[in-house]
Amino acid sequence: MIFKTRFAPSPTGPLHLGHAYSALLAHDQARASGGAFYLRMDDIDQSRARPAWAEQIKDDLIWLGITWDGEIWSQHARSERYRTTLQTLWDMGLLYSCTCTRADIKAAANAPQEGAPLIGPDGLVYSGTCRGLDISAMPNDTPIRLDMRNALQHIDIKCIKLHEGDVEYSKSAQNMIAEIGDVILSRKDMAASYHLSIVVDDADQQITQVIRGEDLRDATFIHVLLQRLLELNTPSYTHHRLIRDQNGVRLAKRDDARAISKFRKDGFTPDDIRKMVGL
Ligand code: GLU
Ligand code: ZN
């Protein structure tokens, strides 16, 4: 099996050290194994994605010495594909339409009988207010959620396991429900959420190896579940350590001084960047 990996930045801001680390790791492994390295623009959120950021990201990657194979995929051109997949899950009876506002979700999570509100990979774990509303046709103007309990039952899964090297990470069905819950798979003005679009893209590109930051490990449980439901291959996942600044703050949370373009302006070389991220 040929090694195929990818780097999928969101063109919603500059490429920073943390992104550069993911891209370099994936790129180096692909080149060392004679495999493929693809570049995809995660621009499904058209309200935040900007072509100028995509251009800047490509320019920074080239400067870093990164080359990619084939065409660059853009998610906004793939809405139909995501919609068809969403419809498949809807027809399986695993999705529902949710009309709650942010305030509704917060209020439900803070209701006295609920205990401390749980924060999952997408923020507050949804309390399920709209679950069970009987709507026959899938609406295209409301967020669509995965019914987590139903989905796990559908494939009769007790536990999802991830293997990274010798380490096993697992999440029981019970914890998938409690800690992740009914995640959003599509939004009002977005054909697919990050979870659905990335799973479909990885499958369509026959990605064998996903290399990304450990902040996404919890999301990977959702991705593996979607792969099982849709009968797609599960790639190998590697979640790398996060690059932090001198104060221990995660770089992904800040888009200021740590941008690769800033280092370039300040006269750093691609080798300096490699050293800074520990490569
Ligand atoms: N656009 C996502 C990010 O930059 C991609 C994550 C992934 O590789 O799956 O966080
Ligand atoms: Zn709702």
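Conventions adopted
Here the residue numbers are simple positions, counted from 1 along each chain's written sequence. As they are written, the chains are lettered A onward and the ligands numbered 1 onward, keeping that order. Confidence filtering applies because this is a predicted model: local features only for residues at pLDDT of at least 70, side-chain atom pairs given and counted only at 80 or more, and all residues used for totals across whole chains, interfaces and linings. Water and hydrogen atoms play no part in the side-chain values, which are based on all heavy atoms of the structure. Strands are labelled as partners when DSSP assigns at least two bridges between them. Segments assigned H or I by DSSP are reported as helices when at least four residues long, segments assigned E as strands when at least two residues long, and all are numbered from the N terminus. Pairs of residues are marked as contacts when any of their non-hydrogen atoms sit within 4.5 Å. Helix axes are fitted to C-alpha atoms over the stretch in contact, other axes to C-alpha atoms as well, and angles between N-to-C directions run from 0 to 180 degrees. Summary of the distance rule: residues count as near a molecule or strand when at least one heavy atom falls within 4 Å of that molecule or strand. Under the rule applied, a polar contact is a pair of N or O atoms within 3.5 Å (in protein, one hydrogen donor and one hydrogen acceptor; residues adjacent in sequence only if both atoms are side-chain atoms). Areas reported here follow the Shrake-Rupley algorithm with a probe of radius 1.4 Å; residue values treat only the protein chains shown as occluding. The nonpolar class holds Ala, Val, Leu, Ile, Met, Phe, Trp, Tyr, Cys and Pro. Asp, Glu, Lys and Arg form the charged class, and all remaining residues, Gly among them, are polar. Exposure classes here rest on a 1.4 Å probe applied to the protein chains alone. A residue is buried below 20% of its type maximum, exposed above 50%, and partly exposed in between. In this description, the arc belongs to the directions extending from the helix axis to the C-beta atoms. With strands facing away from the observer, any crossover in which the path from the first strand over the helix to the second runs clockwise is taken as right-handed.

Caption draft 1: Geometry of the sheet that holds strand β2 (residues 36–41). With parallel pairing, three strands are arranged side by side in an open sheet as β1-β2-β3. Because the sheet does not close on itself, it has two edges, and the strands there are β1 (4–7) and β3 (73–74). Strand direction decides the pairing type here: β2 and β3, joined by two bridges, are parallel. Each bridged residue has a counterpart across the sheet, and for Arg40 the counterpart in β3 is Trp73. Each of β1 and β2 touches helix α2 (residues 51–63); the most contacted strand, β2, lies at about 155 degrees to it.

Caption draft 2: Spotlight on the site of ligand 1. In the vicinity of ligand 1, the residues found are Arg6, Ala8, Ser10, Asp42, Tyr194, Ile198, Arg212 and Leu216. Between ligand 1 and Ala8 there is a distance of 2.8 Å, counted from a nitrogen atom to a backbone nitrogen or oxygen. The separation between an oxygen atom of ligand 1 and a polar side-chain atom of Arg212 is 2.7 Å. When the free accessible area of ligand 1 is taken as 300 Å², the share hidden by the protein chains comes to 79%. Residue classes in the shell around ligand 1 are distributed as four nonpolar, one polar and three charged.

Caption draft 3: Inspection of helix α4 (residues 102–110) at higher detail. Three or more residues of α4 are buried, namely Ile105, Ala108 and Ala109. For α4, the angular spread of the buried residues around the axis is 100 degrees, confining them to a single face. Among the exposed residues of α4, those pointing more than 90 degrees away from its buried face are Ala103, Lys106 and Ala107. Residues of α4 that are buried make contact with β6 (123–124) and β7 (144–146).

Caption draft 4: Focus on the pairing of β1. In β1, alternate side chains face the same way, and those of Lys4 and Arg6 on one face and Thr5 and Phe7 on the other are all buried. Note: β1 against β2, four bridges, orientation parallel. Residue Lys4 lies in a different strand from β2, and its bridge partner there is Ala36. On the question of chirality, the crossover connecting β1 to the parallel β2 by way of helix α1 (residues 17–32) is right-handed.

Geometric values such as these leave the question of function open.
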